[in-house]
Amino acid sequence: MRSIEVMHDWEDGDGRAAIDGLLDVYRRNSGGSADERTADSVRLSAKTGLLREDPPDVWFDWPGKNLEPYLEADVLADLTDVWQEHDLESRYISGARDVARDEDRYVALPMNIHRLNNLFYDVETVESAGVDPSDAGSPREFLEVLEQVVDATDAVGLIQPWKNPVPVLQLWETTLIGEFGADTYRSIVDGDVRANRGQIEEALELVRGIADFVPERSLFLDIAEAPVEFVSSNAAFYVQGDWSTSVFNAAEDFSFRADWGHAAFPGTEGLYQMNMDATLVPKMIGRTDAMDAFLATVGSVEGQVAFNAQKGSIPPRTDVPDDEFSPFQRMQMDAFEHSRSQPASVAHGLAVRPDRYIELLTTFVSFTETWDVDATTRAVVDVLGN
């Protein structure tokens, strides 16, 4: 079996450990080898490789609407036989099946589910302030909780990674869902923006209000640095994806429940706002035994345990035992199983085309520079309404 070339951008942190675990399972079970090609932007590198007719054997990208340019160019291999051979349709949750499919064929193989609507908190700080994070029933009520924390303690209200626009866009969509519900969010994402202009604007106002409790240094923190800052600072709250827990777990004297806790972001109880990573295969080079063995690993129980246990995410398969997952991940698996809705993320490409995604990122760069709600509302309406 020849070597397989795998392209990814998990060069360190939780992603490095996760891809190492997955590749170890592949090598052990198949006897094959894997050559890694890392890239700062997998999307750009994969598309460049496709244009040059020199793509990697497999690469990882977001599924859902993010795949539309690949589909329009007809460059993705049909993976339906993989799904059928390994009985994945009956094993995967419906949301993962939907974002991996193009009409009647499968073109992607999801490997994880990340939850975005997480409110992490410092146990000692919130207890000192006399607040219960789960008591806030909406983002507007969360502002009152932040006010109470700042008034009662010397703690910072909230640490956020605002060096880049993705986490700001993510906080806005989470706030929109929390204040107005998943149906309103989906309606806006699907293009019914003018009828929901007021909701778009109000969610932006709430994010601007939340920003009043975020220290200025957050503007210089990226998504890798912010959880470290939360662990080491006296901040009360941190709103971010579940990948942050790999930093929490690695920190000394910072244990789940004893030192840090979790609640759904206010207003999103019972919802699982999600992002996924999926494996893609180019159509032009033809599948090999090594590629098929790798896809089998990605879709397997063993492969998904190896990847997700390190990544902080949960498996898209419904039959994966939870023995090797952390107590926090087991809690998330239960929350997903009992969730009434799983809205797909705009901020991570599942719910919006790449061209609109780039425009939204540009819009939210400007938002953090100016905090101009009116201008940002107009820009969001223009992007999502066209």
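## Focus on the environment of I188
In step 1: Tracing the chain through its elements places I188 in helix 9 (residues 182-189).
In step 2: Overall, the relative accessible area of 1% leaves I188 in the buried class.
In step 3: Considering only alpha carbons, one finds I188 and L169, 19 residues apart in sequence, at a separation of 14 Å.
In step 4: Those residues in contact with I188 that sit more than four places away from it in its chain are L176, V193, N196, I200 and L384.

## Considering the packing of helix 8 (residues 165-180) against helix 16 (residues 354-370)
In step 1: Contact geometry of helix 8 with helix 16 gives a least axis separation of 9 Å together with a crossing angle of 90°. Compared by their axis directions, helix 8 and helix 16 come out roughly perpendicular. Taken together, the residues of helix 16 that come into contact with helix 8 (itself represented by P165, V166, V168, L169 and W172) are Y357, L360, L361, F364, V365, F367 and T368.
In step 2: Across the contact of helix 8 with helix 16, the residue classes tally to 11 nonpolar, one polar and no charged.

## Considering the pattern of salt bridges
In step 1: Inspection of the entire model under this criterion finds 25 salt bridges.
In step 2: Where R105 meets D102, a salt bridge forms, and the shortest distance between an N and an O atom there is 3.2 Å.
In step 3: Ionic pairing is found between D319 and R317, a salt bridge with its closest N-O pair at 2.8 Å.
In step 4: Within this structure, E68, E72, R353 and D355 form a network of salt bridges that share partners.

## Some points on the nonpolar core
In step 1: Of all hydrophobic cores here, the largest spans 114 residues; its most connected members are F142, W172, F237 and F294.
In step 2: Ignoring any residue separated from it by four or fewer positions in sequence, one finds F294 in contact with I4, V6, L22, L23, Y26, V58, F60 and T279.
In step 3: Of all hydrophobic cores here, the second largest spans 13 residues; its members include I159, L221, A226 and W260.

## Overview of unusual backbone geometry
With the exception of glycine, most residues fall at negative phi, and the peptide bonds are largely trans.
In step 1: With a phi angle near 60°, E53 is a residue other than glycine that sits in the positive phi range.
In step 2: Positionally, E53 belongs in the loop between helix 2 (42-51) and strand 3 (58-61).
In step 3: For D74, which is not a glycine, the phi torsion comes out positive at approximately 55°.
In step 4: Mapped onto the secondary structure, D74 falls in the loop between helix 3 (68-73) and helix 4 (80-85).
In step 5: Using a relative accessible area of 39% as the deciding quantity, one classes D74 as partly exposed.

## Examining the packing of helix 16 against helix 17 (residues 373-385)
In step 1: Where helix 16 meets helix 17, the closest approach of the two axes is 10 Å, and the angle between their N-to-C directions is 180°. With respect to each other, helix 16 and helix 17 are oriented roughly antiparallel. Within the contact between the two elements, helix 16 uses R356, E359, L360, T363, F364 and F367 and helix 17 uses V373, T376, A379, V380, V383 and L384.
In step 2: Class assignment of the residues belonging to the contact of helix 16 with helix 17 gives a composition of eight nonpolar, two polar and two charged.

## Brief notes about the pairing of strand 1 (residues 4-8)
In step 1: Of all five residues that make up strand 1, four are buried, and the element is covered over most of its length.
In step 2: With five bridges joining them, strand 1 and strand 2 (residues 34-38) adopt parallel strand pairing. Along strand 2, the bridge assignment pairs I4 with A34.
In step 3: Following the backbone out of strand 1, through helix 1 (residues 13-30) and into the adjacent parallel strand 2, one traces a crossover that is right-handed.
In step 4: Sheet topology places strand 1 next to strand 3; two bridges connect them, and they run parallel. Directly across from V6, in strand 3, lies its bridge partner V58.

## A closer look at a negative patch on the surface
In step 1: There is a patch of like negative charges on the surface, built from D9, E11, D12 and D40.
In step 2: Its location among the elements puts D12 in the loop between strand 1 and helix 1.
In step 3: Taking the relative accessible area as the measure of exposure, D12 reaches 59% and is therefore exposed.

## Examining the environment of D54
In step 1: As for its placement among the helices and strands, D54 is situated in the loop between helix 2 and strand 3.
In step 2: For D54, a relative accessible area of 49% translates into the label partly exposed.
In step 3: Between the alpha carbons of D54 and L88 there is a distance of 29 Å; along the sequence they are 34 residues apart.
In step 4: Not counting the four nearest positions on each side in its chain, D54 is found in contact with R37 and G49.

Analysis parameters
- Residues numbered from 1 in each chain as written.
- Predicted model: local features only at pLDDT ≥ 70, side-chain atom pairs only at ≥ 80, totals over all residues.
- Heavy atoms only, no water.
- Helix = DSSP H or I, 4+ residues; strand = E, 2+ residues; numbered from the N terminus.
- Buried < 20%, exposed > 50% of the residue type's maximum accessible area, 1.4 Å probe, protein only.
- Contact = heavy atoms within 4.5 Å.
- Axes fitted to C-alpha atoms, helices over the stretch in contact; angles between N-to-C directions.
- Parallel < 35°, antiparallel > 145°, perpendicular 65-115°, else oblique.
- Nonpolar A, V, L, I, M, F, W, Y, C, P; charged D, E, K, R; others polar.
- Salt bridge = Lys/Arg side-chain N within 4 Å of Asp/Glu carboxyl O.
- Core = buried A, V, L, I, M, F, W, Y, C linked by side-chain atoms within 4.5 Å.
- Pairing = 2+ DSSP bridges.
- Right-handed = clockwise from strand over helix to strand, strands pointing away.
- Patch = residues over 30% accessible without salt bridge, like charges linked within 9 Å, V, L, I, M, F, W, Y side chains within 5 Å.
- Areas by Shrake-Rupley, 256 points an atom, 1.4 Å probe, with all protein chains shown as cover.
- Lys, Arg positive; Asp, Glu negative; His and termini not counted.
- Charge placed at Lys NZ, Arg CZ, Asp CG, Glu CD.

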